[in-house]
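As a plain string of letters, each chain reads:
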Amino acid sequence: DAKTTQPTSMDCAEGRAANLPCNHSTISGNEYVYWYRQIHSQGPQYIIHGLKNNETNEMASLIITEDRKSSTLILPHATLRDTAVYYCTTEGNRDDKIIFGKGTRLHILP
Amino acid sequence: NAGVTQTPKFQVLKTGQSMTLQCAQDMNHEYMSWYRQDPGMGLRLIHYSVGAGITDQGEVPNGYNVSRSTTEDFPLRLLSAAPSQTSVYFCASTEGTGSSYEQYFGPGTRLTVT
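Each value, and the rule that gives it
- Residues numbered from 1 in each chain as written.
- Chains lettered and ligands numbered in written order.
- Predicted model: local features only at pLDDT ≥ 70, side-chain atom pairs only at ≥ 80, totals over all residues.
- Heavy atoms only, no water.
- Helix = DSSP H or I, 4+ residues; strand = E, 2+ residues; numbered from the N terminus.
- Rg over C-alpha atoms; globule rule 2.2 N^0.38 Å.
- Buried < 20%, exposed > 50% of the residue type's maximum accessible area, 1.4 Å probe, protein only.
- Contact = heavy atoms within 4.5 Å.
- Lys, Arg positive; Asp, Glu negative; His and termini not counted.
- Charge placed at Lys NZ, Arg CZ, Asp CG, Glu CD.
- Buried area = accessible area lost by both parts, 1.4 Å probe.
- Salt bridge = Lys/Arg side-chain N within 4 Å of Asp/Glu carboxyl O.
- Polar contact = N/O pair within 3.5 Å; in protein donor to acceptor, adjacent residues only side chain to side chain.
- Pairing = 2+ DSSP bridges.
- Axes fitted to C-alpha atoms, helices over the stretch in contact; angles between N-to-C directions.
- Disulfide = S-S within 2.5 Å.

**Student:** What exactly am I supposed to notice about the overall build of chain A here?
**Tutor:** Within chain A one finds 0 helices and 9 strands. A compact globule built from 110 residues should have a C-alpha radius of gyration of about 13 Å, and chain A, at 13 Å, falls within 12% of that. Referenced to the eigenvectors of the C-alpha coordinate spread, the extents of chain A come out at roughly 40 × 30 × 20 Å. When burial is assessed residue by residue, chain A has 45% of its 110 residues classed as buried. Put simply, 57% of the contacts in chain A that link residues at least 6 apart link residues at least 24 apart. Each charge class in chain A can be summarised by its mean position, and for the 11 positive and 12 negative side chains these summaries are 3 Å apart.

Structure follows, in structure tokens:
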């Protein structure tokens, strides 16, 4: 079973911030939180990852709670091109299986 | 630098036929994996490999074999295709530096078994 849970779908108005939550309550101390997205039927694309500090890059921001049991991916100004399925995973030891859940289908509304 | 490449892009098989899905990466990544994705579903891990000569099972390994004779290649074999194996197959490789393992995915192979 996936080690993360996410809402099945979310809507966000174009130009607004999209906040996608992920629950990873069983995360262990050495595991990072990773976010990927899959646009239409393409291969998933890496977005961002973090351990315990908040992270930001050119695509998104990642906010991880202090207890590390949940996180939020923030797309600051959503565009129609951000319509995709967003996956949250946790990865630690490099010999671990990398398991994806069903992700959140994000719809950006014009 | 081509990244992760997969061939073929599309394939139609009859039940009982065998075939190999090819995956190659030119990034010298040690970790590679195969996922399948069914309509409306997420990615399910089939097999993975942490280096040449080492493979292990994922969530849904039945009906699939893998081998890893080189760092670059990680083929997925279907020995006797079944309609339940109709799916989109993604190969991925992982850049492992320290504790950080960003995955790079290929474009996918769309397989239909009739």
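That covers the picture; the talk isn't over yet.
**Student:** I'm lost on the interface of chain A and chain B in this one. Help?
**Tutor:** Interface size is commonly expressed as the accessible area that is lost once the parts come together. Listed per partner, the contact involves 23 residues of chain A and 24 residues of chain B. Contact between chain A and chain B buries roughly 2100 Å² in total, counting both sides, with carbon and sulfur atoms accounting for 53%. Linking chain A to chain B there are 0 salt bridges. For the pair chain A and chain B, the interface holds 4 residue pairs in polar contact (both at pLDDT 80 or more).

**Student:** Is there a simple way to explain the pairing of strand β8 (residues 84-91) of chain A in this structure?
**Tutor:** Note on strand geometry: in a regular strand, side chains alternate between the two faces of the sheet. Residues and elements named next belong to chain A. Counting buried residues along β8, 8 of its 8 residues qualify, which places the element largely inside the surrounding structure. Residue alternation in β8 divides its side chains into two sets, A84, Y86, C88 and T90 and V85, Y87, T89 and E91, and both sets are buried. Pairing geometry for strand β3 (residues 32-38) and β8, over 7 bridges, is antiparallel. Following the sheet pairing, Y32 is matched in β8 by E91. When β8 meets strand β9 (residues 104-109), the two strands line up antiparallel, connected through 3 bridges. In the sheet register, V85 faces β9, and the bridge partner there is R105.

**Student:** It is not clear to me how the pattern of salt bridges should be interpreted in this structure. Could you clarify?
**Tutor:** If the charged atoms of two oppositely charged side chains come close together, the side chains can form a pair. One pass over the full model with this rule turns up 4 salt bridges over all chains. Ionic pairing is found between A:E31 and A:K3, a salt bridge with its closest N-O pair at 2.7 Å. Of the two residues, A:E31 sits in the loop between β2 (18-23) and β3 while A:K3 sits in the segment before β1 (9-13), which places them 28 residues apart along the sequence. The network of salt bridges with shared partners includes B:R36, B:D38 and B:R44.

**Student:** It is not clear to me how the side chain of A:R37 should be interpreted in this structure. Could you clarify?
**Tutor:** All names here are of chain A. Summarising the element assignment, R37 is placed in strand β3. Here the side chain of R37 touches Y86 through a polar contact of 3.1 Å, side chain to side chain. Residues within four places of R37 in sequence aside, it is in contact with G43, P44, Q45, I47, M59, R81, D82, A84, V85 and Y86.

**Student:** Can you help me understand the sheet that holds β1(A) in this one?
**Tutor:** Residues and elements named next belong to chain A. Here 5 strands make up an open sheet; going across it, the order is β1-β9-β8-β3-β4 and the pairing mixed. The outermost strands of the open sheet, each flanked by one partner alone, are β1 and β4 (45-50). Looking at each pair of strands side by side, their axes are set apart by 25 degrees on average, direction ignored.

**Student:** How should the environment of B:Q103 be read in this particular structure?
**Tutor:** Residue and element names in this part refer to chain B. Following the sequence through the fold, Q103 ends up in strand β10 (residues 100-105). For Q103 and C91, which are 12 residues apart along the polypeptide, the C-alpha to C-alpha distance reads 9.9 Å. For Q103, the side chain forms a polar contact with the side chain of S33, separated by 3.3 Å. Within polar-contact distance, the side chain of Q103 engages the side chain of Y35 at 3.4 Å.

**Student:** How should the state of the cysteines be read in this particular structure?
**Tutor:** By definition, a disulfide links the sulfur atoms of two cysteine residues through a covalent bond. Residue and element names in this part refer to chain A. Taken as a whole, this structure holds 2 disulfides over all chains when the rule is applied. Shown here is the disulfide that connects C22 with C88, its sulfur atoms set 2.1 Å apart. An S-S torsion of about -80 degrees defines the bridge between C22 and C88 as left-handed. On the criterion of sequence distance, the pair formed by C22 in strand β2 and C88 in strand β8 is long-range, its members being 66 residues apart.

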